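Topology and contacts: notes
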Amino acid sequence: MPTDLIIGNWKMHKGLVTEALALTEALISLPLFPEREVAIAPPFTVLFPVAERLRHGKSQIKLSAQNVHSEAQGAYTGEISATMLAHVGCSLVLVGHSERRILFSESDEFINRKLLAVIAAGMRAVLCVGETLQERERGQELQVVRGQIEKGLAGVSPIVARAGVVIAYEPIWAIGTGKTAFPRAAQEMHAFIKERLTVMYGLSVANAIRILYGGSVKPENIRELMEMPDINGVLVGGASLELESFRKIICY
Ligand code: PGA
């Protein structure tokens, strides 16, 4: 089994250099379990100073970006390319977060191009998928997630998927709402995702691709979630902004 992966997604918080470095410094001093990989995803403006601090502190904590553009360069005002992120020290990039899909109308096709760009730049892509409450109430959640996985991973070979892809299942109704999916319900979806990955890539590759859960992960529910056989880590928003709550999650 792959090591568990825990990513703190700071979203549009802690974007001032002083506050970002204060949290980074505190995280560097925490003892990390070797069987757990930890990453933080700060806003673009602080990626460079945070990367420097992690390097100087010889920290095992990895740096992730929250978003990327699919093109390498060009007239895309306000955008940032995968090469730029790799250059600044990122080794992971989130693609297709539901806030990007919903608030910025990102399509599965665009997300797929981003994912391919991230991998081509030598980083790992964290493909975020998940259904809305309405879709779940209509019983469409499996179909929705299946479509997001298949379209998001179009053109990705088994060998590339093994090394470069992480999936994050984040039911949209559980993000920032305090409503976590019951571990068993999350497990059901994770098992379904694993089954789809097995169909696409074979069991050995599917076993190597980590499937994270996201949506109101907290110190109080981390253990129960991580006990599920197909949950290989978590993507944490709100609870990653405070040292104490993130510490309890990474050291559960
Ligand atoms: P949350 O966010 O932990 O605050 O629910 C998770 C996410 O959006 O990645």
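Every chain's residues receive numbers from 1 upward, in the order its sequence appears when written. Thresholds applied to this predicted model are a pLDDT of at least 70 for local features of residues and 80 or more for the giving and counting of side-chain atom pairs; totals over whole chains, interfaces and linings are not thresholded and use all residues. Each side-chain value is derived from all of the structure's non-hydrogen atoms; neither hydrogens nor water enter the calculation.

Brief notes about the overall build of the chain
- Helix and strand content of the chain: 12 helices and 8 strands.
- Computation of the radius of gyration draws on C-alpha atoms, with the globule rule given as 2.2 Å multiplied by the number of residues to the power 0.38. Relative to the 2.2 N^0.38 estimate, which gives 18 Å for 252 residues, the radius of gyration of the chain is 17 Å and therefore close to what a compact globule would have.
- Relative to its 252 residues, the chain shows a buried fraction of 52%.
- The contact definition used throughout considers only heavy atoms, calling two residues in contact when any of these lie within 4.5 Å. Nonlocal contacts in the chain, meaning residues at least 24 apart in sequence, comprise 72% of its contacts between residues at least 6 apart.
- Surface accessibility in these figures is a Shrake-Rupley result with a 1.4 Å probe; residues are shielded only by whichever protein chains are displayed. Per element, the accessible surface of the chain, about 11,400 Å² overall, is 56% carbon and sulfur.
- The charge count treats Lys and Arg as positive and Asp and Glu as negative. His and the chain ends do not count. One atom stands in for each charge, and that atom is NZ of Lys, CZ of Arg, CG of Asp or CD of Glu. Distance between charge centroids for the chain: 3 Å, based on 26 positive and 26 negative side chains. Runs of E in the DSSP output that reach at least two residues are strands. Runs of H or I that reach at least four are helices, and both are numbered from the N terminus. For every residue, the accessible area obtained with a 1.4 Å probe (protein chains only) is divided by the maximum for its type, and the residue is called buried under 20%, exposed over 50%, and partly exposed between those limits.

Describing the site of the ligand
- Nearness here has a simple test: a residue counts as near a molecule or strand if at least one of its heavy atoms is within 4 Å of that partner. Around the ligand, 13 residues are found, and the nearest of them are K11, H97, E170, G176 and S216.
- Pairs of N or O atoms within 3.5 Å make up the polar contacts considered here, provided that, within protein, one atom can donate a hydrogen while the other can accept it, and that residues adjacent in sequence are counted only when both atoms are side-chain atoms. Between K11 and the ligand, the recorded distance is 2.7 Å, taken from a side-chain N or O atom to an oxygen atom.
- Under the convention adopted here, Pro, Cys and the residues Ala, Val, Leu, Ile, Met, Phe, Trp and Tyr are nonpolar, Asp, Glu, Lys and Arg are charged, and Gly plus all remaining residues are polar. Taken together, the residues of the shell around the ligand break down into 4 nonpolar, 7 polar and 2 charged.

Re the packing of helix 1 (residues 17–28) against helix 2 (residues 47–56)
- Between helix 1 and helix 2, the shortest axis-to-axis distance is 10 Å and the interhelical angle comes to 25°. By the angle between their directions, the pair helix 1 and helix 2 is classed as roughly parallel. Viewed along their axes, helix 1 and helix 2 form a crossing whose handedness is right-handed. Together, V17, A20, L21, T24, E25 and I28 of helix 1 and P49, V50, R53 and L54 of helix 2 make up the contact between the two elements.
- Tallied by class, residues from the contact of helix 1 with helix 2 come to 7 nonpolar, 1 polar and 2 charged. Here an angle of 0 to 180 degrees is reported between the N-to-C directions of two axes, which are lines fitted to C-alpha atoms, with helices fitted over the stretch in contact. Angular relationships are summarised with four words: roughly parallel below 35 degrees, roughly antiparallel beyond 145, roughly perpendicular across 65 to 115, and oblique for the angles in between. Take the far helix as your reference; a near helix turned counterclockwise from it by less than a right angle gives a left-handed crossing, and one turned clockwise gives a right-handed crossing.

Structural notes on the pattern of salt bridges
- Salt bridges are defined as contacts in which a side-chain nitrogen from Lys or Arg sits within 4 Å of a carboxyl oxygen from Asp or Glu. Within this structure, the stated rule accounts for 15 salt bridges.
- Here R210 ties to E37 by a salt bridge, and the two come within 2.8 Å at their closest N and O atoms. Here E37 lies in strand 2 (residues 36–41) and R210 lies in the loop between helix 10 (203–208) and strand 7 (211–214), a separation of 173 residues in the sequence. Residue R210 shares its accessibility class with E37, and that shared class is buried.
- A salt bridge links E244 to R247; the nearest nitrogen and oxygen atoms lie 2.6 Å apart.

Thoughts on the pairing of strand 2
- With 6 of its 6 residues buried, strand 2 lies for the most part within the structure.
- Every second residue of strand 2 is oriented toward a common face, with R36, V38 and I40 on one face and E37, A39 and A41 on the other, all of them buried.
- Here strand 1 (residues 4–9) runs beside strand 2; their pairing, made up of 6 bridges, is parallel. Following the sheet pairing, N9 is matched in strand 2 by A41.
- Crossovers are described as right-handed under a simple rule: with the strands pointing away from the observer, the path leading from the first strand over the helix to the second runs clockwise. Assessed by its sense of winding, the connection that carries the chain from strand 1 through helix 1 to strand 2 is right-handed.
- Here, strands pair whenever DSSP counts at least two bridges between them. Relative to strand 3 (residues 62–65), strand 2 is paired through 2 bridges, and the arrangement is parallel. The residue bridging I40 from the neighbouring strand is L63, located in strand 3.
- Regarding topology, helix 2 serves as the crossover connection from strand 2 to the parallel strand 3, and that connection is right-handed.

Function-wise, these values are silent; they only describe arrangement.
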